[in-house]
Every structure is written in structure tokens, then in C-alpha cells.
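Structural characterization, general
Single-letter residue listing:
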Amino acid sequence: MDVLSEVLKVVKLQGAMFYNGEFSSPWSLCSPASHTVAPYLAPGAGHVIIYHLLTEGHASARLLDGERIALDAGDLVIFPHGDSHIIENGLPTKTVDLAKELARLVAHGLKLARFGGGGEVTKFICGFMACDPRLSQVFLSGLPPVFKVSIRNTASGRWLENSIRFSVNEADASRAGGEAVLAKLSEVLFVETLRAYIADLPAHQTGWLAGARDAEVGKALALMHRNPAHPWTIASLAKEAGVSRSVLAERFRLYLNQAPMAYLTRWRLQLGAQMLASTSYSVAQIASEVGYESEAAFNRAFKREFTIPPARFRSRSRSDGREAITSRKSSDAM
């Protein structure tokens, strides 16, 4: 079983490409934090993950207070937690703040944008993934603020890069279905990047991603994510994973620093919170959907996790959503 696939089915990533650049050195761009970018790229999205794929030339990327990461053609650099960052090449005299250019950049679409001082050329394509911050935290928590993966190391990666470059170049032709193709390619690119990152983790690494790679822990995680409402016990999970209860508990604590049933409880409540915010199901229906035998039991567990009861959580979530929409409309009118 593939636990990452099981999680991504629920998280429901929504991706897109939004920028196609050809820059000549020296140049320097500062990309704002994702909460600033999200209203322009994916209104209503809880979290936006930004990435840049270099298709030609060289560049470097860094967090505002971080070390430079050298980038070569074929490298994809990703900022999973949405931190503000700088991508550049050469020794520019000024860094362009893209926070002031977002509306124009989004309106420009994927038409090739040129910028820079006339030196070495770097080409890159920028994309994003929108996802539910609560559910995606499961795998995002195991990722650093920034990392890179070379997608040219495998045949599938090279095929994916070529497909993206072709589709972006075709975007100006306004061919039917082009946006849908780019959205799917963006999602595949992100998943391939996660798979490559997991495969390259050191043997001693802990955390959710490392646990997902472990045969026994990964199988137990996949079972819980595939059917969270099932009345799992440590005994039934261990039997399915092919190990003893003590071994499963020990390995779970090694990788995730918690017991299997505690993990399952938290995931059920995260699912319940997402359903409260996004559906019109009654609290009783949601309780049943996520594996609670009674609404009262769900209410008690939910309040322990989120400090407020489900009904109040739903009301607050919808109020926050309306405020975000109003804020976006106000900024567009300015």
C-alpha cells in the first residue's frame, strides 16, 4: 500500500503553472509568502506551495535569512511552507519585490516574460499547489522550508519536464483544455518531487515521511488513511502489518513520536474539522464518517483537540472564509 497516495486522495491537491520567465543576469526577484500570493493564484485556498522549475541556465534560491541553494537546469526548488524567498543570478543592484507586481503577473499569464541585465540567460517555469493546510500538514510537517530535486535524474522526470515545457509553450495558443493539462502536470510534478525526496532520505531519518517509507509503519499508516472510520485496534493494525503489537508501537514511536491509536485519533479529528468547514453534513453524520460511535463522543474528542465544540468551529471557519473573500474583493477594487 502507498500511504502517500492515500493521504493525497483526501488532501486533494490543486495545481497550476502561473509564470514563464526568461531572465538574463544579473537579476533578483523576491517572492512573497504564500498567504500574500494565495488570493491571486487560488482564492479561498488554505495553503499555497510555491515551486520553480529551471529549464535552462543557472540561478540560486534562498530564504530571506537563509543560505543560497545553487540551481541548475532540471532542478526544481520548492517552498512547502510558503516562506518568502529570493531567486536570482549574478550580482544585481536591486531585488524586485514581486508582492507589488502580483496582479500584473497573474494577468500576464504564461506569456513569456523577459527581464534582466543582458547576461547569461536563465529560463524557469513557476507553479503552485493549493491544499488544505490542516490535512496536508501530515506530510508537510516532514519537509524543510526549502529543498531542491533534480527531475532529470530519471526517465519519468525528463518526460515530465518536456511535457511541461511543451504545454507551457502551447499555452499562448489558447488550445482547448490547456489549463486542465497544466493543472494535472503540476500535480504530477509535485508528487514526483515528494517521492524523490522520500527515496533520498537518510536511513536514520525520522518523521512522517520516513515512517511512510518504512514497510511496517507505512502499511499501518496506509490502512488508517484508507479507512479511518474502521474500528482499528493496535492488534488489528499489527496483524495487517505483519508484526507484533509491541514492534509496531515501538516503530511508530521511533518515526512519529506517538502511539498508533493516538495518531489515528488526531487524523480522524482533522478529517472532521475539514468536513465541518467544507460540507453541510450534520455533526452526527461527520462523527459517523470519521469513526465515532456517537455524536457525544466526537464532541468530547473534538473539543479536547481544538478547544471549542464542532458547531462553534464550523461557525468560526465559515466566518473566516467570508472575511477572506471580502478582503480579496476590497483589494481588487483598490
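Right, let's walk through the structure included here. (Residues numbered from 1 in each chain as written. Predicted model: local features only at pLDDT ≥ 70, side-chain atom pairs only at ≥ 80, totals over all residues. Heavy atoms only, no water.)

**Side note on the nonpolar core**
Put simply, the rule is: Only buried Ala, Val, Leu, Ile, Met, Phe, Trp, Tyr and Cys residues count toward a nonpolar core, and they belong to the same one when joined by side-chain atoms within 4.5 Å. Relative accessibility decides the category of a residue: with a 1.4 Å probe and only protein chains considered, values under 20% of the type maximum give buried, values over 50% give exposed, and everything between is partly exposed. Contacts are assigned to residue pairs that have any heavy atoms within 4.5 Å of one another.
Counting 73 residues, the largest nonpolar core has F139, I164, W208, L221, F252 and F298 as its most contacted members. Excluding residues within four positions of it along the chain, F252 makes contact with V217, A220, L221, M224, N257, Q258, A259, P260 and Y263. By size, the runner-up hydrophobic cluster in this structure holds 28 residues, among which are A38, I50, I87 and A113.

**Details of unusual backbone geometry**
Leave glycine aside and you will find that most residues have negative phi; peptide bonds, for their part, are mostly trans. What counts here: Numbering of helices and strands starts at the N terminus; helices are DSSP runs of H or I of at least 4 residues and strands are runs of E of at least 2.
The peptide bond linking S25 to P26 adopts the cis configuration, its omega dihedral lying at -5 degrees. Along the chain, the position of P26 falls in the loop between β1 (14-24) and β2 (27-31). Positive phi, normally seen in glycine, also occurs at K12, with a value near 60 degrees. Residue position: K12 is located in the loop between α1 (3-11) and β1. You can call K12 exposed: its relative accessible area is 62%. A positive phi angle is found at N257, which is not glycine, with a value near 60 degrees. Position of N257 relative to the elements: it lies in the loop between α10 (245-256) and α11 (260-278).

**Examining the sheet that holds strand β4 (residues 58-63)**
Here is the rule we go by: What makes two strands pair is DSSP finding at least two bridges between them.
Taken together, the 5 strands give an open sheet; going across it, the order is β5-β4-β7-β2-β8, and neighbouring strands pair in mixed fashion. Edge positions in the sheet fall to β5 (69-72) and β8 (96-97), since each has one partner strand and no second. As paired strands, β2 and β8 are joined by 2 bridges and run parallel to one another. The residue bridging L29 from the neighbouring strand is V96, located in β8.

**Things to note about the packing of α1 against helix α8 (residues 215-226)**
Put simply, the rule reads: Interaxial angles span 0 to 180 degrees and are taken between N-to-C directions of axes, which are lines fitted to C-alpha atoms, for helices over the stretch in contact. We call two directions roughly parallel when the angle between them is under 35 degrees, roughly antiparallel when it is over 145, roughly perpendicular when it lies between 65 and 115, and oblique otherwise. Two helices that cross are described as forming a left-handed crossing if the nearer one is turned anticlockwise from the farther one by less than a right angle, and a right-handed crossing if clockwise. Amino acid classes used here: Ala, Val, Leu, Ile, Met, Phe, Trp, Tyr, Cys and Pro are nonpolar; Asp, Glu, Lys and Arg are charged; the rest, including Gly, are polar.
Two elements in contact, α1 and α8, have axes whose closest approach is 8 Å; the angle formed by their N-to-C orientations is 25 degrees. One way to sum up the angle between α1 and α8 is to call them roughly parallel. In the packing of α1 onto α8, the handedness of the crossing is left-handed. Of the residues in α8, those in contact with V3, E6 and V7 of α1 are G218, L221, A222, H225 and R226. When the residues that make up the contact of α1 with α8 are grouped by side-chain class, the tally is 4 nonpolar, 2 polar and 2 charged.

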